[in-house]
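# Report on the structure
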Amino acid sequence: MFSNLFKHSIRSLKRQRAYIIINILGLSIGIACTLLIGLFVINEASYDRFNEKKERIVRVVLTGKIGGQEIIGAFTCAPIGPTMVREFPEVENFVRMNGWGPSVIEYEKKTFTEDHFIEVDSSFFDIFSIPVLKGDKGNLLNSPRKVVLSESTALKIFGNENPIDKQIKIGNDTSKYTVSGVFGDVPANSHFEANILGSFMTNQRSQNPVWLSNSFSTYILLKPNTNWVDVDAKIPALLEKYVGPEVQRFMGISLEDFLAQGNRYRYFLQPLTEVHLDPSIQQQFKAASDPKYLWIFGSVAMLIVLIAAINFMNLSTAQSARRAKEVGIKKIGGSSKGMLIAQFLTESFILSFISLIIAVIIVKIALPYFSNLLGITLELKLLNNIFTIPALILFAIFVGLLAGSYPAFFLSSFSPYEVLKGEIKNSMQSGRLRKVLVVFQFAVSILLIIGTMIMYRQISFMVNKDVGFTKENLVVINRAGALGNKVKSFKESVKKIPGVLNIASSTAVPGRNNNNNGYGIEGKKGESFLLMTNWVDYDYIDTYGMTMVDGRSFQESYSTDQDACLVNESTIKNFSISDISQIRFLQPRDSGRYENRQIIGVVKNFNFESLRNPIGPYMLQFKKDNILWGYLTVKLDGNNTSKTINEIEKVWKEYLTDDPLQYYFLDQDFEQMYSQEKQNAQMAIIFSILAVFIAGLGLFGLTSFTVEQRTKEIGVRKAMGSTVAGIYYEISKEILVLVTISAVISWPIIYYVAGRWLENFYYRINLGFVSFFAGLAIAISIALITISYKVLQAARINPAQSLKYE
């Protein structure tokens, strides 16, 4: 029976070649889009799930509010991990992690640059499922100056040599490190990247007992069958025990009074599998993804499939007049309604499975480009997972049912009596449902078009906005600390290079902040104020082209400036400072004493981080000679940049023969903060084009059938004197009305969705009305271009031929 049903379906499809091509093309693209987005969503959701103990691993996160400034980040104090193991019976182990900046590795006079060097406790391999390939797992990082290399890094540095017990030099450290092991490369779907793991106890700060000093990421391994929520509930009492005395010591008030002032200081636990999809938390390692985008693109995928399915419905019902006679004859011949439904659904399933095969081929071809666009590696492995092929088959069946159910029940409902009298053909002229479905298709298309335009407008706004300093022609040199006490001499040498306008030294640069410190203000006992802090030299303000709005910058002629500070306008506003000459910040030290910081100037607000965030309080302190770490920023004149940089490299090599110069352009690095938005905008425009293309395919097919049905009417109109333009308008006006209705439906939806998306950015565009009318204009243009060929072709036919058409 199934064999006969299949044969009947194939014979029926062969008689509808144009209809088949349009449907297969639309369904193939729709399914391919869904598969691509599905792979992306699955990849994002699978982060850290390779860890065998993932259900028992939690990350400790700091959340606080000090002096009105909110902070939430994956940064903790050194003692919290050991203390939780000691005092909480539910905690089995802990590991602390501290990421370094770019590091230079030296082995036998060969140097290698490494971006992913992390200091970790010796428990790292007991908590994370990273395989140890060489070395004694129990003794890998159990003493200072031990490192473990990833397999690829070991191969890069040592080639085929056995790296165990080899000595390497890291950064500026005069003492060498011993390679104690090799681990398998960290999976790409891990929230951290690590090519070199160093012993955490090498870092002197690992023994820092201060609970108010937060620099490291801490992960906790819970004992089996422990609910992390129960452990989290115990943390406030732990903080009262350990943080309370420090607040009293440094601020002179109790923890209770500190909290009563509206401040907050709390650690909470976060399950490991939630880390990658929580962008609200400042990360030390990989930037988190926003789950909203997964929902948005997941919805887009389903809408594109729905548009393709609507094409199938529309084209099937548009052909109902043709197939009515087939249905009538079969019913007279004894076919039941159920048999006809089965035949029509079988046709739908055949097209769906053919489309699935083509879609898989499209995905295989498109995956390298798609992966490159997203900066991740996506693979469609059909045979590696036993669920992949069954899932694809079920999806094809779902698409077949979605597309074919309504046409199957609609076509099988025809009465042989009505068919023979010609009533079916007459009743199909209005096509109300088809119009509704076309409106839906174009509403979705317009929604995607407008959404993409708004995304690009916001990105353009962020890239081109005045950020309060000149970011063009600024070259930032990493690892200025490698110069040691020769920074001043190096600066003087670089200033002599033609094309160099200035050079400044600092511990931070815009987009790469590393110190958020708490201060007191003289005369305001018990209050604390949080400021992002940067230590800079005399040339910093001029190099960055910043503007002083009050007071002055650091000057060598004032020796007291080395203990003074500059602040931005947000500091003045947020802390209600009226006269800077009367304000001194108090910087706490581990000894319990305070150092005074007199404000000598106010810098015009500048964006030192992403435009997603408002400009918060910022302090610039003077960078004394004993502060060696940080960056050097070189301001160029923009002429013959490559030659100027080559000259800077020559000077660098005079000071550091074996260390390569590592640098980047600040404007390019600043734009990287919006890389996720750029990637998503590129994805949006691709899927918008495909959605419009699929909708256009359906409209082309419908127009073909409409013109065919109205051939005699067109002949009569031409015979009565209508022009080609008049006939074109008569047929196209209905499309114009439908597209306009689509726009009116889509506008409030995209206004709401875009408005919610823009809320992620403190500095954002106004939605206005231009994008909305532009979306309508684009949709109308595409619709008219789509139907023009068929309509004009019919309008040019000789009326005598049109009137003969049946």
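Residues numbered from 1 in each chain as written. Predicted model: local features only at pLDDT ≥ 70, side-chain atom pairs only at ≥ 80, totals over all residues. Heavy atoms only, no water.

### So, the overall build of the protein
Each helix and strand counted, the protein has 25 helices and 24 strands in total. When burial is assessed residue by residue, the protein has 51% of its 806 residues classed as buried. Across the protein, the fraction of contacts at a sequence separation of at least 24, relative to all contacts at a separation of at least 6, is 80%. When the accessible area of the protein is evaluated, it comes to approximately 36500 Å², of which 57% is carbon and sulfur surface. (Helix = DSSP H or I, 4+ residues; strand = E, 2+ residues; numbered from the N terminus. Buried < 20%, exposed > 50% of the residue type's maximum accessible area, 1.4 Å probe, protein only. Contact = heavy atoms within 4.5 Å. Areas by Shrake-Rupley, 256 points an atom, 1.4 Å probe, with all protein chains shown as cover.)

### Describing the confidence of the model for the protein
For the protein, the mean per-residue pLDDT works out to 81, and 85% of the residues sit at or above 70. The lowest-confidence element of the protein is helix 1 (residues 2–14), averaging 47 in pLDDT; the highest-confidence one is helix 17 (residues 540–544), averaging 93. Note on residues 426–430: pLDDT under 50 across the span, and six contacts to partners over four residues away in sequence or across chains. (pLDDT = per-residue confidence, 0-100.)

### Some thoughts on the packing of aromatic side chains
Applying the stated criterion across every chain, the model contains 34 aromatic pairs. Taken together, a centroid distance of 5.8 Å and an interplanar angle of 70° make the contact between Phe 554 and Phe 622 edge-to-face. Separated by 68 residues along the polypeptide, Phe 554 in the loop between strand 18 (548–551) and strand 19 (564–568) and Phe 622 in strand 22 (residues 618–622) bring together distant segments of the chain. Accessibility classification places Phe 554 together with Phe 622 in one group, the buried group. With a centroid separation of 4.6 Å and 40° between ring planes, the pair formed by Phe 608 and Tyr 618 is classed as tilted. With a gap of ten residues between them, Phe 608 in the loop between strand 21 (594–603) and strand 22 and Tyr 618 in strand 22 connect regions that are remote in the sequence. Here the two residues Phe 608 and Tyr 618 agree in accessibility, since each one is buried. Just above the ring of Tyr 763 sits the side chain of Lys 465; from NZ or CZ to the centre is 4.8 Å. Over the face of the ring belonging to Tyr 664 we find Arg 512, whose NZ or CZ atom lies 4.1 Å from the ring centre. (Phe/Tyr/Trp six-rings, centres within 6.5 Å; stacked < 30°, edge-to-face > 60°. Lys NZ or Arg CZ within 6 Å of the ring centre and 35° of its normal.)

### Observations regarding the environment of Asn 208
Along the chain, Asn 208 falls in the loop between strand 11 (196–199) and strand 12 (217–222). Excluding anything up to four places from it in sequence, Asn 208 contacts Ala 78, Pro 79 and Ser 213. A polar contact of 3.0 Å, which involves the side chain of Asn 208, links it to the backbone nitrogen of Val 210. (Polar contact = N/O pair within 3.5 Å; in protein donor to acceptor, adjacent residues only side chain to side chain.)

### Points about helix 16 (residues 487–495)
The set of residues buried in helix 16 consists of Val 487, Phe 490, Lys 491 and Val 494. Viewed along the axis of helix 16, the buried residues span an arc of 100°, placing them on a single side of the element. Residues of helix 16 that are buried sit in contact with strand 14 (474–477), strand 15 (500–506), strand 23 (631–636) and helix 19 (641–655). (Arc of directions from axis to C-beta.)

### Section: the pairing of strand 10 (residues 177–183)
With respect to burial, strand 10 is a largely interior element, six of its seven residues being buried. Two elements, strand 7 (residues 132–134) and strand 10, share two bridges in a ladder whose sense is antiparallel. Bridged to Val 132 within strand 10 is Phe 183. In terms of strand pairing, strand 8 (residues 146–150) meets strand 10 through five bridges, oriented parallel. The partner of Val 147 across the bridge, within strand 10, is Val 179. Across two bridges, strand 9 (residues 167–170) lies against strand 10 in antiparallel orientation. Residue Ile 168 lies in a different strand from strand 10, and its bridge partner there is Tyr 177. Counted between consecutive antiparallel strands, the loop separating strand 9 from strand 10 contains six residues, among which Gly 171 sits at a positive phi close to 60°. (Pairing = 2+ DSSP bridges.)

### Points about helix 5 (residues 151–158)
Of all the residues in helix 5, the buried ones are Thr 153, Ala 154, Ile 157 and Phe 158. Burial along helix 5 is one-sided: seen end-on, the buried residues are contained in an arc of 105°. Considering only its buried residues, helix 5 is in contact with strand 4 (103–107), strand 5 (110–114), strand 8, strand 9, strand 10 and strand 11. One or two steps after helix 5, the chain reaches Gly 159, where phi turns positive at roughly 65°.

### Thoughts on the nonpolar core
Counting residues in each nonpolar core, the largest one holds 108 residues, and the members touching the most others are Phe 370, Tyr 544, Leu 620 and Phe 687. Here Phe 687 is in contact with Cys 33, Ile 37, Phe 297, Val 300, Ile 304, Phe 370 and Leu 448, once residues within four sequence places are set aside. Of all hydrophobic cores here, the second largest spans 30 residues; its members include Val 58, Cys 77, Phe 88 and Met 251. (Core = buried A, V, L, I, M, F, W, Y, C linked by side-chain atoms within 4.5 Å.)

### Observations regarding the environment of Asn 142
Checked against the element boundaries, Asn 142 lands in the loop between strand 7 and strand 8. For Asn 142, a relative accessible area of 33% puts it in the partly exposed group. When the C-alpha atoms of Asn 142 and Ser 122 are compared, they prove to be 5.5 Å apart, with 20 residues separating the residues in sequence. When sequence neighbours within four positions are dropped, the list of residues in contact with Asn 142 reads Ser 122 and Met 201. Engagement of the side chain of Asn 142 in a polar contact is seen with the side chain of Asn 139, the distance being 2.9 Å. Side chain to side chain, Asn 142 and Lys 146 meet in a polar contact 2.8 Å long.

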